[in-house]
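Coordinate analysis (summary)
Now for the letters of each chain:
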Amino acid sequence: METEQAPRWWAVVAVMIGIFLLVTAEQLPIGLLSQVASSMDVTPGVAGLMVTVPGVVAAFAAPLLPVAVGRMDRRVMLTLLMGIMVLGSVLSALASSFILLLAARVLVGISIGGYWAVAGSIAPRLVPADKVAKAMTIIFGGVAAASVLGVPLGTLLGNFSNWRVAFAALGGFSLITALALWCWLPPLPPREPVRLKVLAQQLGNRGVRVAVLVTGFVVVGHFAAYTFINPILQEISGVAERHIGSLLLLYGAAGILGNVAAGMFAARHPYRAVLAIPSLMLVVVAAFPFLGVQPTSGVLMLMLWGAVFGSVSVSIQTWILRTAPNTEAATALMAFVFNFSIGLGAMVGGRVVDATSLPITMWAAAGLFLLGALLVWRTPSRIVGMKYR
C-alpha cells in the first residue's frame with residue numbers, strides 16, 4: 001500500500017470486469033469451435049488457432065508492454081488496452097476469412113497480455129493490506145466468471161444466432177468497461193518502471209521460478225485438453241451438442257466456487273493451495289476417459305475440472321505476492337507464462353487430437369499435471385512468505 005485509505009471496491013470491480021472480458025475473449029472460440037470451423041471451412045485443429053494466436057501474442061505483450069510504456073499511468077494503460085479489445089472484437093465479428101479472423105485475434109492478444117500484466121499486481125494499491133486477499137479473490141473471480149457467464153453465454157448466443165454476433169457483443173461490453181475503468185480507477189503511476197533487466201531478475205527468486213514452471217505445466221495441460229471440451233463431451237460422454245453451452249455454465253459455476261474457496265484457503269496456506277491444483281487436475285483429467293463415459297458422470301467430472309482450474313489464478317497470484325521481489329514485474333512475467341501456455345496448450349492439443357485421439361490427449365495433459373505436482377512437492381513450503389508485498 002502506498003497510503004492508508006478507504007478500500008476502492010468499485011475500482012476492484014472494474015478491474016475484475018476487465019479480466020472477465022479478456023478471458024471471455026480468449027476462450028470464447030472454445031465454445032464456438034465447431035461452428036467457426038464449419039463457417040470458415042477449416043478443421044477443428046486449425047480452428048484451435050483462434051485460441052493459440054491471442055495466447056502467444058498476449059504472452060509477449062505481457063512483459064514487453066509494461067517495459068514499452070515506462071511511466072505511463074496504469075489507469076490510462078488499462079483503459080487504452082480495453083479500447084484495443086473493442087477494436088479486436090469488432091474486427092473478429094466482421095472477418096471475411098480465417099486469416100483476417102486470426103489477424104483480429106492478434107489485437108485481442110495485445111490487450112489480454114498488457115492488461116493482465118498490470119491488473120494482477122494492483123490489488124495492494126486499491127485496498128488496505130488486510131483486504132488484499134478479498135480483492136484478489138474478486139479480481140481473479142473474473143476468470144471463473146468468464147467461464148460461468150462469458151464463454152457459455154457467448155456459446156449460447158452463437159448457437160441461437162451465429163458466432164459473429166457473439167464477438168460483436170463482446171466488443172460492446174468492452175467499450176462500456178473501458179469507460180468504467182477510466183471513471184473508477186484512481187491515478188496509478190508505476191512505483192518503479194518495469195525494465196527487461198528487472199523481469200529477468202525475478203527468476204533469481206526460487207518462489208517465482210516454481211510459480212512460473214507450475215503455471216506452465218498446469219495451463220499447457222489444461223488447454224491441451226479443455227480446448228476440445230466440445231468434442232470430448234460429445235464423443236466420450238455422449239452429450240448432445242445442443243447441451244454443451246448449458247453444461248459450460250455448470251463448469252463455470254464450479255470454477256467460481258473453486259475461486260472463492262481457493263482465495264480464502266490460499267490466504268492462509270498458499271503452499272498447500274498450489275500443491276493441490278496439479279494434483280487434483282491429474283486425477284480428474286486422467287480419469288475422465290474411464291469415468292466420464294456417460295452423460296451424468298461426464299457432467300460431474302466436468303464440474304470437478306472447473307472447480308479445480310477455477311482456483312489456479314488466485315492461488316498462484318497469492319504465491320507471487322508473497323515471494324516476488326517486484327510484484328508488477330513478476331506478475332508481468334506470470335502473464336507471459338500463462339498466456340503463452342494457453343496458446344501452446346491449444347496448439348499441442350490440436351496436433352495430438354488430429355494425430356491420435358481425445359483420450360490420449362487427456363492423458364498427455366495429465367502427465368504435465370504430474371510434473372507440476374512433483375515440482376511443488378519438492379519445494380520447501382518456507383519459501384512462501386507471510387506478508388503481501
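Sequence order sets the numbering: in each chain, residues are counted from 1 along the sequence as written. Side-chain atom pairs in this predicted model are given and counted only at pLDDT of 80 or more, local residue features only at pLDDT of at least 70, and totals for whole chains, interfaces and linings cover all residues. Side-chain measures here rest on the full set of heavy atoms in the structure, leaving out hydrogens and waters.

In the nomenclature of an unreviewed UniProt entry, the chain is known as MFS transporter of Vreelandella aquamarina.

This paragraph deals with the packing of helix H5 (residues 74-94) against helix H9 (residues 163-184). With axes taken as lines fitted to C-alpha atoms, and helix axes fitted only over the stretch in contact, angles between N-to-C directions fall between 0 and 180 degrees. Secondary structure follows DSSP: runs of H or I at least 4 residues long count as helices, runs of E at least 2 residues long count as strands, and numbering of each begins at the N terminus. Close contact between H5 and H9 brings their axes to 8 Å; oriented N to C, the two are set at 165°. Classified by the interaxial angle, the pair formed by H5 and H9 is roughly antiparallel. Crossing hand, H5 versus H9: left-handed. Counting all contacts with H5, which are made through Arg-75, Val-76, Leu-78, Thr-79, Met-82, Gly-83, Met-85, Val-86, Ser-89, Ser-92, Ala-93 and Leu-94, the residues of H9 involved are Trp-163, Arg-164, Phe-167, Ala-168, Leu-170, Gly-171, Ser-174, Leu-175, Thr-177, Ala-178, Leu-181 and Trp-182. Nonpolar residues are Ala, Val, Leu, Ile, Met, Phe, Trp, Tyr, Cys and Pro. Charged residues are Asp, Glu, Lys and Arg, and all others, Gly as well, are polar. Grouping the constituent residues of the contact of H5 with H9 by class yields 15 nonpolar, seven polar and two charged. The labels follow the angle: roughly parallel below 35 degrees, roughly antiparallel above 145, roughly perpendicular from 65 to 115, and oblique for the rest. Should the near helix be turned counterclockwise from the far one by less than a right angle, the crossing is left-handed, whereas a clockwise turn marks it as right-handed. Any pair of residues with heavy atoms lying within 4.5 Å of one another is described as a contacting pair.

To describe a pair of aromatic rings, one takes the distance between the centres and the angle between the planes. Ring pairs shown here join Phe, Tyr and Trp side chains whose ring centres sit within 6.5 Å, with only the six-membered ring taken for Trp; geometry is labelled stacked below 30 degrees between planes, edge-to-face above 60, and tilted in between. Across all of its chains, the model carries twelve aromatic pairs by this definition. Seen in terms of ring centroids, Tyr-271 and Trp-319 are 6.3 Å apart; in terms of plane orientation they differ by 25°. Their pairing is stacked. Within this pair, whereas Tyr-271 is found in helix H14 (residues 270-291), its partner Trp-319 is found in helix H16 (residues 312-323), the two being separated by 48 residues in sequence. Of the two residues, Tyr-271 and Trp-319, neither departs from the other in class, the shared state being buried. Ring geometry for Phe-290 versus Trp-363: centroids 5.5 Å apart, planes at 25°, classification stacked. With Phe-290 in helix H14 and Trp-363 in helix H18 (residues 358-377), this residue pair connects regions lying 73 residues apart in the sequence. In this scheme, the term charge over a ring applies when either NZ of a lysine or CZ of an arginine sits within 6 Å of the ring centre and within 35 degrees of the ring normal. Across the ring face of Trp-182, the terminal group of Arg-75 is positioned such that the distance to the ring centre comes to 3.9 Å. Note that Lys-134 overlies the ring of Trp-9, its terminal NZ or CZ placed 5.0 Å from the centroid. Relative accessibility under 20% of the residue-type maximum defines a buried residue, over 50% an exposed one, and the middle range a partly exposed one, all with a 1.4 Å probe and only protein chains included.

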